[in-house]
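# Coordinate inspection notes
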Amino acid sequence: MEKGPFSVEWLAQSSRGGAQPTAAARRPRSPPGGTGSRESRADLGDPGHDPEAGGGAVPGRPRTKFSAAQLQELERSFREQRYIGASEKRRLAAVLNLSQSQIKTWFQNRRMKFKRQTQDAR
């Protein structure tokens, strides 16, 4: 068994103070494809983003405010089919000027809302 970082032996030694992590293991990692800093995302000027709003503890994309027309189309599509396919996701993203991940997330959240509503009705 290898004695690399995070192996059982390495963790046992490090808890006793025997082994020091390598420089690479101590270095903070940034996510691939970006700087990963909260400030850089907040400075991008995303529409509907208020950096002073606070609230969420999880850094990431700011909350999207959907327009009434976008919500109407999303709800219509949800009534037809609760699970969205790849082609419909692409179509909605193009028509509504949203990203495919925003469409996917909206459908996930809407299914959970639907589940809560049906459970509350019982």
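Quick caveat, the model's predicted, so the values are computed rather than measured.

Turning to the environment of S101, a few remarks are in order. Topologically, S101 is positioned in helix α6 (residues 100-121). In this structure, the C-alpha to C-alpha distance between S101 and K89, residues 12 residues apart in sequence, is 8.8 Å. Side chain to side chain, S101 and S99 meet in a polar contact 3.1 Å long.

As for its position among the elements, S77 is in helix α4 (residues 68-80). A distance of 3.3 Å separates the side chain of S77 from the side chain of E88, its partner in a polar contact. Beyond its immediate chain neighbours, meaning those up to four positions away, S77 contacts E88, L92 and F107.

Where α4 contacts α6, the two axes come as close as 11 Å, and the packing angle between them is 65°. Note that α4 runs across α6; the crossing there is right-handed. From α4, L71, L74, E75, S77 and F78 reach across to α6, where they touch I103, W106, F107, R110, R111 and F114. Broken down by class, the residue content of the contact of α4 with α6 amounts to 7 nonpolar, 1 polar and 3 charged.

Once that is clear, we can look at the nonpolar core. One broad rule of soluble globular proteins: the nonpolar side chains tend to lie buried together. Core analysis: the biggest nonpolar cluster contains 10 residues, these being L74, F78, I84, L92, A93, L96, L98, I103, W106 and F107. At the level of secondary structure, the elements contributing two or more residues to this core comprise α4, α5 (86-96) and α6. Not counting the four nearest positions on each side in its chain, F107 is found in contact with L74, S77, F78, Q81, R82, I84 and L92.

Turning our eyes to something else, we now look at the confidence of the model for the protein. When pLDDT is averaged along the protein, the result is 75; 55% of the residues meet or exceed 70. When the criterion is pLDDT under 50, residues 34-51 qualifies, and its contacts beyond four places in sequence or with other chains add up to 17 contacts.

Here we come to the layout of surface pockets. In this structure, the second largest pocket encloses a volume near 420 Å³. R61, P62, R63, T64, F66, S101, Q102, T105, W106 and N109 are the residues that line the second largest pocket. In terms of residue class, the lining of the second largest pocket is built from 3 nonpolar, 5 polar and 2 charged.

Conventions used here
Residues numbered from 1 in each chain as written. Predicted model: local features only at pLDDT ≥ 70, side-chain atom pairs only at ≥ 80, totals over all residues. Heavy atoms only, no water. Helix = DSSP H or I, 4+ residues; strand = E, 2+ residues; numbered from the N terminus. Polar contact = N/O pair within 3.5 Å; in protein donor to acceptor, adjacent residues only side chain to side chain. Contact = heavy atoms within 4.5 Å. Axes fitted to C-alpha atoms, helices over the stretch in contact; angles between N-to-C directions. Left-handed = near helix turned anticlockwise from the far one by under 90°. Nonpolar A, V, L, I, M, F, W, Y, C, P; charged D, E, K, R; others polar. Core = buried A, V, L, I, M, F, W, Y, C linked by side-chain atoms within 4.5 Å. Buried < 20%, exposed > 50% of the residue type's maximum accessible area, 1.4 Å probe, protein only. pLDDT = per-residue confidence, 0-100. 1 Å grid on protein atoms, 1.4 Å probe; cavity = no way out; pocket = protein on both sides within 12 Å on 5 of 7 lines; lining within 4 Å. Points joined across faces, edges and corners; volume = space filled by probe spheres on them.

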